[in-house]
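# Tertiary structure, described
Each chain, written out:
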Amino acid sequence: MGIFDSIKGEAQRNFIARADSAKGEIVYKYPEKNVRMKTQLTVDADEVALFVKDGKVEGKLGPGRHTLDTNNIPFLSRLLEGFTGGNMFMAEIFFVSNREHTGVKFGGPIGDVRDPETGLGIGTMVYGDFSIRVTEPEKLVVGLVGMGRASNEEFLGWFKGQVLKVTRDRTAELLVKKKWPLLDVTSGAYVEEMEQEILAGLKPHVDTYGLTIVRMGNFVVSIKPEDEVTLKKLSKDVAYSRLAGGFQQYAQGQAMLGASEGMAKGGGGSDGAMQGMGMGMGFGMAQMFANQQHQQRPAEPAQAAAPADTRSPAQRLKEIKELKDAGVLSDEEYNAKRAELMKLL
């Protein structure tokens with residue numbers, strides 16, 4: 001190292017400030033612990049400088065340029081090193097930004113979530129970002145030092161983990177309590193409610209560290225495309241079974257429909273035999289579903305008759321209209337069912 005490098009290094013030791021490369025960081029730790037008296041320390045307008053020794057905050061300085069001298073800053077006397085003759089003190093200096101930091105991205109798996117509508121456990125992911133502000137720098141620095149996380153990268157890594165954990169717990173809880181269909185959640189129908197719940201769930205965790213989550217944004221809960229197809233198919237089956245008066249009637253109807261389609265395609269010989277076999281399998285599956293439904297029902301008195309569908313044609317018309325608006329019924333299916341019901345009016 002040349003003489004000019006030595007002079008430059010000595011000059012830098014007489015001035016302390018946040019490094020230009022760390023201007024966007026929430027926490028910046030000055031790399032040197034041994035500091036000369038009379039050193040000039042500069043604190044930006046949106047930050048505070050904390051002096052830490054043995055895990056304890058000994059003092060702090062606000063925005064401005066400060067001459068590090070015990071005459072100006074009394075708490076520095078607690079940091080002096082006797083063997084230097086009072087010319088140096090030892091401390092960790094942290095620059096903590098107290099402005100709002102936006103666009104902090106997070107995301108990851110939140111595990112299997114049970115869909116209330118179909119009962120399936122579906123693997124889900126969550127993505128988004130949040131903004132954060134430090135409200136009590138002393139709590140944050142003491143907490144980070146105690147956890148051995150002194151750098152900005154380590155702090156954000158830990159904090160994103162906290163956000164993901166609370167998001168996982170609150171999402172599962174909301175689906176159980178509110179009985180929200182998972183397809184509605186992934187469509188973004190409940191983003192505002194979920195963000196409010198997650199912010200409330202994070203508060204006890206972040207208050208301990210003198211932090212505030214100001215807001216969340218671009219919040220998305222997603223599932224795999226193949227799981228979405230499965231959920232849509234099962235949701236459609238559930239809606240049809242309700243319209244048909246129960247899963248037993250729906251299964252019988254589907255079996256009969258499949259058999260009639262096979263017969264319409266017609267033909268004797270082996271094709272006719274296969275179609276007859278398909279028809280027999282259809283009725284057999286319908287009967288199997290009927291038997292399962294019967295076994296699951298509690299025993300009823302022998303004289304009790306099965307309740308009739310007491311809904312009026314007008315009520316059923318309204319129901320199939322709602323199914324069409326929800327996207328469960330196609331236009332063709334809706335028109336066919338509507339034509340059948342109009343005959344009863």
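An unreviewed UniProt entry lists the protein under the name SPFH domain-containing protein, from Corallococcus macrosporus.

Looking now at the overall build of the protein. A count of helical and extended segments in the protein gives 10 helices and 12 strands. Taken across its 345 residues, the protein has 34% of its residues classed as buried. Long-range contacts, defined as pairs at least 24 residues apart, comprise 68% of the intrachain contacts of the protein with a sequence gap of at least 6.

With that settled, consider unusual backbone geometry. Even without being glycine, Lys38 reaches a positive phi, approximately 75°. Assignment of secondary structure puts Lys38 in the loop between strand 3 (34–36) and strand 4 (40–43). Exposure remark for Lys38: the relative accessible area of 53% places this residue in the exposed category.

Another point: the sheet that holds strand 5 (residues 47–53). Strand order in the open sheet formed by four strands is 2-9-5-6, and the pairing between neighbours is antiparallel. Of all strands in the sheet, those with a lone pairing partner are strand 2 (27–29) and strand 6 (56–61), marking the two edges. The mean angle between the axes of side-by-side strands here comes to 25°, regardless of whether they run parallel or antiparallel. Direction of pairing for strand 5 relative to strand 6: antiparallel, over a ladder of five bridges. When the bridges of strand 6 are listed, Lys53 appears paired with Lys56.

Relative to the helices and strands, Val220 is located in strand 12 (residues 211–223). Under the relative-accessibility criterion, Val220 is labelled partly exposed at 39%. Taking the C-alpha atoms as reference points, Val220 and Gly128, 92 residues apart in sequence, are found 6.2 Å from one another. Excluding residues that lie within four positions of it along the chain, Val220 makes contacts with Met125, Val126 and Tyr127.

Sheet strands associate in pairs through backbone hydrogen bonding, adopting either a parallel or an antiparallel arrangement. With mixed pairing, the three strands of this open sheet are ordered in space as 1-4-7. Each edge of the sheet is formed by a strand with only one pairing partner; in this case those strands are strand 1 (15–16) and strand 7 (64–67). Of the strand pairs in this sheet, strand 4 and strand 7 are connected by four bridges, and their pairing is antiparallel. Note on strand 7: the bridge partner recorded for Leu41 is His66.

Further remarks concern the packing of aromatic side chains. Inspection of the entire model under this criterion finds 10 aromatic pairs. With centroids separated by 5.7 Å and ring planes inclined at 55°, the aromatic side chains of Phe130 and Phe159 adopt a geometry described as tilted. Remark: Phe159 occurs in helix 3 (residues 152–178) and Phe130 occurs in strand 11 (residues 121–134); sequence separation between them is 29 residues. An identical accessibility class is assigned to Phe130 and Phe159; each is buried. Both rings, one in Trp180 and one in Tyr190, keep their centres 4.0 Å apart while their planes meet at 5°; by these two values the pair is stacked. Residue Trp180 is found in the loop between helix 3 and helix 4 (182–186), and its partner Tyr190 is found in the loop between helix 4 and helix 5 (191–207); the two are separated by 10 residues along the sequence. Three or more aromatic residues joined by ring pairs form one cluster here, namely Phe106, Phe130, Phe155, Trp158, Phe159 and Tyr209.

Because an α-helix completes one turn every 3.6 residues, residues spaced three or four positions apart along the sequence face the same direction. Counted at 1.5 Å a residue, the expected span for helix 3 with its 27 residues is 39 Å, and the 38 Å between its end C-alpha atoms agrees. Phi turns positive, to about 55°, at Lys179, one or two residues after helix 3.

All right, on to the packing of helix 3 against helix 5 then. Contact geometry for helix 3 and helix 5: axes closest at 9 Å, N-to-C directions at 130°. Overall, the two elements helix 3 and helix 5 adopt an arrangement that is oblique. Of the two elements, helix 3 crosses helix 5, and the hand of that crossing is right-handed. Residues Phe159, Gln162, Val163, Val166, Thr167, Arg170, Thr171 and Leu174 of helix 3 pack against Met194, Glu197, Ile198, Gly201, Leu202, His205 and Val206 of helix 5.

Let us now look at the side chain of Ser131. Take Ser131: it is sitting in strand 11. Here Ser131 falls in the buried class, since its relative accessible area comes to 2%. Among the polar contacts listed, one links the side chain of Ser131 to the side chain of Glu100, at a separation of 2.8 Å. The contact partners of Ser131, leaving out residues within four places of it in the chain, are Glu100, His101, Thr102, Thr212, Ile213, Val214 and Arg215.

Right, let's talk about the nonpolar core for a bit. One finds Phe130, Ile132, Leu140, Phe155, Phe159 and Leu211 to be the most contacted residues of the largest nonpolar core, which totals 45 residues. It is helix 3 that contributes the most residues to this core, nine residues altogether. Setting aside residues no more than four positions away along its own chain, Phe155 makes contact with Ile26, Ile132, Leu140, Leu144 and Leu211. Membership of the second largest hydrophobic core comes to 20 residues, among which are Tyr30, Ile73, Leu76 and Leu79.

Taken as a whole and assessed by the stated rule, the structure comprises 16 salt bridges. The shortest N-O distance in the salt bridge between Glu173 and Lys177 comes to 2.8 Å. Taken together, the residues Glu173 and Lys177, both in helix 3 and four residues apart, mark about one turn of the helix. On the basis of relative accessibility, which here comes to 34%, the residue Glu173 falls in the partly exposed class. Counted as one network, the salt bridges with shared partners bring together Arg170, Glu173, Lys177 and Glu197.

Conventions we followed
Residues numbered from 1 in each chain as written. Predicted model: local features only at pLDDT ≥ 70, side-chain atom pairs only at ≥ 80, totals over all residues. Heavy atoms only, no water. Helix = DSSP H or I, 4+ residues; strand = E, 2+ residues; numbered from the N terminus. Buried < 20%, exposed > 50% of the residue type's maximum accessible area, 1.4 Å probe, protein only. Contact = heavy atoms within 4.5 Å. Pairing = 2+ DSSP bridges. Axes fitted to C-alpha atoms, helices over the stretch in contact; angles between N-to-C directions. Phe/Tyr/Trp six-rings, centres within 6.5 Å; stacked < 30°, edge-to-face > 60°. Expected span 1.5 Å × (residues − 1). Parallel < 35°, antiparallel > 145°, perpendicular 65-115°, else oblique. Left-handed = near helix turned anticlockwise from the far one by under 90°. Polar contact = N/O pair within 3.5 Å; in protein donor to acceptor, adjacent residues only side chain to side chain. Core = buried A, V, L, I, M, F, W, Y, C linked by side-chain atoms within 4.5 Å. Salt bridge = Lys/Arg side-chain N within 4 Å of Asp/Glu carboxyl O.

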